[in-house]
Amino acid sequence: EAAANESRTVTLRAQLGEVRFRISPAEAEVRVNGQSRGKGSQVLSLPAVAHRVEISLPGYATVKRSITPLPGLEQLVEVSLQTEAEARAVRPTRWT
């Protein structure tokens, strides 16, 4: 006997979570997984999987974070960039 062939269509929807970025200075660029998502403070709906976030602005130390948005729960990512000189000043010094 021949096996019956059956076809089904399944629609998958990504589970999204809201991430509110509060960024200073406002000109700083927000990148998610290497793609520019604009500048400054904003709210993004992102799939509920781990993402690499990078906040950068020339003359300032870049901040890198990992986030995993959660459906139904807004997350806050608050970043105040430091100038490169400020960032160097707060790094721990080695004692010899």
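Residues numbered from 1 in each chain as written. Predicted model: local features only at pLDDT ≥ 70, side-chain atom pairs only at ≥ 80, totals over all residues. Heavy atoms only, no water.

S.K.: Pulling in residues and values, what's your account of the pattern of salt bridges?
M.R.: Per the counting criterion, the structure on display carries 3 salt bridges. A salt bridge links E78 to R22; its shortest N-O distance comes to 3.7 Å. Here R22 lies in strand β1 (residues 16-24) and E78 lies in strand β7 (residues 75-80), a separation of 56 residues in the sequence. E78 gets classed as partly exposed once you look at its relative accessible area, which sits at 46%. In this structure R22 comes out as partly exposed when scored by relative accessible area, which is 41%. (Salt bridge = Lys/Arg side-chain N within 4 Å of Asp/Glu carboxyl O. Helix = DSSP H or I, 4+ residues; strand = E, 2+ residues; numbered from the N terminus. Buried < 20%, exposed > 50% of the residue type's maximum accessible area, 1.4 Å probe, protein only.)

S.K.: Quick one: what's the story with the pairing of strand β6 (residues 63-67), residue by residue and with numbers?
M.R.: Pairing of strand β5 (residues 51-56) with β6, which is carried by 5 bridges, proceeds in the antiparallel orientation. Within β6, the position partnered with R52 by the bridge is S66. Hairpin geometry of β5 and β6 is characterised by an intervening segment of 6 residues between the two adjacent antiparallel strands and by a positive phi of about 90° at G59. (Pairing = 2+ DSSP bridges.)

S.K.: Which residues make up the sheet that holds strand β4 (residues 42-47), and what are the values?
M.R.: What links the strands of a sheet is backbone hydrogen bonding, and the strands pair in either a parallel or an antiparallel sense. Within the open sheet, the 3 strands sit side by side as β4-β1-β7. Their pairing is mixed. Single-partner strands in this sheet number two, and they are β4 and β7. The sheet shows a mean angle of 25° between the axes of neighbouring strands, direction not considered. (Axes fitted to C-alpha atoms, helices over the stretch in contact; angles between N-to-C directions.)

S.K.: Quick rundown of the side chain of S56? Include the residues and the values.
M.R.: Positionally, S56 belongs in strand β5. On the basis of relative accessible area, S56 is assigned to the buried category, the value being 16%. Setting aside its immediate chain neighbours within four residues, S56 contacts A28, E29, T62 and L81. (Contact = heavy atoms within 4.5 Å.)

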